Amino acid sequence: MSVADEKALRDLEFDRLKSIVRGHASSPLGEEAVDALFPSADRTSIETAIAEVSEAIAFLAKVGRFSLGGVRDVAPLLRRAREGSFLDGGEFLVVLETIDATLSLRRLFDADGVPPRLVDLAERLTAGGEAFGGRVRRVIDERGEVRDDASDELAGLIRKRRTVESRIETKLRSFIDSHAHLISEPVVTRRQGRLVLALRSGAASTADFVVHDRSATGQTLYAEPTTLVAENNAAAELSNEIRDEIRRILRELTDRFLEAESAFLRDRAVLGHLDGLFARAAYATADRCAFPHLGDRLSLRNARHPLLARDRAVPVTLALGDGRRMTVITGPNTGGKTVTLKTLGLLTLMPQSGIPIPASPDSEIRIVTSVRTDIGDEQSIEQSLSTFSAHMRNIVAILAHADAMSLIL
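Remember, it's a predicted structure, so these values are computed and weren't measured experimentally.

Peer 1: When you look at helix α10 (residues 229–259) in this model, what are you seeing that I'm missing?
Peer 2: It helps to recall that an α-helix has 3.6 residues per turn; residues three or four apart then point in one direction. When the terminal C-alpha atoms of α10 are compared, their 45 Å separation across 31 residues agrees well with the 45 Å that a helix rising 1.5 Å per residue should span. Those residues of α10 not exposed but buried are Glu231, Asn232, Ala235, Leu238, Ile242, Glu245, Ile249, Leu250, Leu253, Thr254 and Phe257.

Here is the structure:
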């Protein structure tokens, strides 16, 4: 059974609290990690979470900020690769940026004085493995294009095409110089992958040309002399071979990416966990929160409701335990009874989710196995129940499972 059921989480607005914490994450991975936070009753996991977030708070106090920087979520790219598509150069540039950002993060935590749990987490990061990162760098340039020397075959094909196109361009420039009266613009340009001339609209009828395009006004024709068709065909064929070789290289790189999938997914989990820790740490710093002592009673001192602005929230001090099993809160309407109940419940769930609370650090909570609520006026129209009857049904259901480790509000 979960520590808090859906009704308790809704009554206490736990999701609204998480949305505030999520706003301090530096990446979607951290946001995802915060979204996954739920209260636990396992003391070991609670103590681990508190220790990790406390180290993140100390790190922020020393360094000032934390960000995953250029880390991107590569899971969608892995999914595309698994589905049989090969990734393009731009997508591998995203992978490379993530590798570089991951390595930078490792170096950030590889400094003197970094708390040990953070060091341990950072040391788990592999950035997909040194060999894979090196291969991507040899294939993809800083613009996300496949490098000309990504393979010997590609380099050879590109050299051949340059030679053929250089020969074509020389002949076209010679034609421009000797037939200036036919030329609209004295430049060699490219249309449909072929090197062509910019001719006056009436020039095509004066000699043998193959027209490939025309300007928007129709005044300029883009054409090649028929004497150069064979050489342009050769250049086009080389372009097709270059395209095929680039695809082969990208397919091979995609296969290697899939071979490193488990390493990238482990990194993804660690990076999300780290960003989630620092989101909670940043929230604690911004909202003056601290972790309470884990003890045998519930004692909140100067506790504020985390969803209220600091300058509007009235701090409360409240204790349960030491033989006191129940507290009754009374007062007039709008006197703060409901807010106090919700403060008590939410500030119990927060440390059990690894989230610091807006209360004095000398506060104390007891780990509970269940938090259940009956707050506000709810009426089930479908079941024709009165408001009072609806409360009674809820309370009967709560009491059926309540024990000494329950907090009932």
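Here the narrative resumes, following the displayed structure.
Peer 1: Before we go on, may I ask you to explain the packing of aromatic side chains in this structure?
Peer 2: Inspection of the entire model under this criterion finds 11 aromatic pairs. Summarising the aromatic geometry, the rings of Phe14 and Phe38 are spaced 6.2 Å apart at their centres and angled 40° between planes, so their arrangement reads as tilted. Taken as a pair, Phe14 in helix α2 (residues 14–22) and Phe38 in the loop between α3 (28–35) and α4 (43–63) lie far apart in primary sequence, 24 residues in all. The rings of Phe59, Phe66, Phe109 and Phe278 are connected pair by pair, giving a single aromatic cluster.

Peer 1: Help me understand helix α13 (residues 387–401) in this model?
Peer 2: Spanning 15 residues, α13 covers 22 Å between terminal C-alpha atoms, matching the ideal 21 Å at 1.5 Å per step. Along α13, the residues classified as buried are Ala390, His391, Asn394 and Ile398. Around the axis of α13, the buried residues are gathered within 100° of arc, so they sit on the same side. Exposed side of α13, more than 90 degrees from the buried face: Phe388, Arg393, Val396, Leu399 and Ala400 are the residues found there. Of the surrounding elements, those touching the buried residues of α13 are α1 (6–11), β9 (370–372) and β10 (406–408).

Peer 1: Explanation requested: the nonpolar core in the structure shown.
Peer 2: Generally speaking, nonpolar side chains in soluble globular proteins are found buried as a group. Judged by nonpolar contacts, the single largest core of 62 residues is most densely connected at Phe109, Leu274 and Phe278. If you look at the next biggest cluster of nonpolar residues, it comprises 44 residues, including Val95, Val164, Leu172 and Ala235.

Peer 1: Any chance you could explain the layout of surface pockets here in plain terms?
Peer 2: Over the atoms rolls a probe the size of a water molecule, and its path tells where empty space is left. What the largest pocket holds in volume is close to 1000 Å³. As for the largest pocket, its lining consists of 31 residues, of which Arg325, Met326, Ser406, Leu407 and Ile408 are closest to the centre. At the level of elements, β7 (316–320), α12 (337–349), α13 and β10 are the ones that each hand at least two residues to the lining of the largest pocket. For the lining of the largest pocket, the leading source of residues is α12, giving 4 residues.

Peer 1: Would you take a moment to explain unusual backbone geometry for this structure?
Peer 2: In this structure, Gln192 takes a positive phi of about 55° despite not being glycine. By secondary structure assignment, the location of Gln192 is in the loop between β1 (183–191) and β2 (194–200). On the basis of relative accessible area, Gln192 is assigned to the exposed category, the value being 64%. Phi angles above zero are rare outside glycine, and Asn302 is one such case at about 50°. On the secondary structure map, Asn302 appears in strand β6 (residues 298–303).

Calculation rules
- Residues numbered from 1 in each chain as written.
- Predicted model: local features only at pLDDT ≥ 70, side-chain atom pairs only at ≥ 80, totals over all residues.
- Heavy atoms only, no water.
- Helix = DSSP H or I, 4+ residues; strand = E, 2+ residues; numbered from the N terminus.
- Expected span 1.5 Å × (residues − 1).
- Buried < 20%, exposed > 50% of the residue type's maximum accessible area, 1.4 Å probe, protein only.
- Phe/Tyr/Trp six-rings, centres within 6.5 Å; stacked < 30°, edge-to-face > 60°.
- Arc of directions from axis to C-beta.
- Contact = heavy atoms within 4.5 Å.
- Core = buried A, V, L, I, M, F, W, Y, C linked by side-chain atoms within 4.5 Å.
- 1 Å grid on protein atoms, 1.4 Å probe; cavity = no way out; pocket = protein on both sides within 12 Å on 5 of 7 lines; lining within 4 Å.
- Points joined across faces, edges and corners; volume = space filled by probe spheres on them.

Everything listed here is a matter of coordinates, which is why it stays silent on function.
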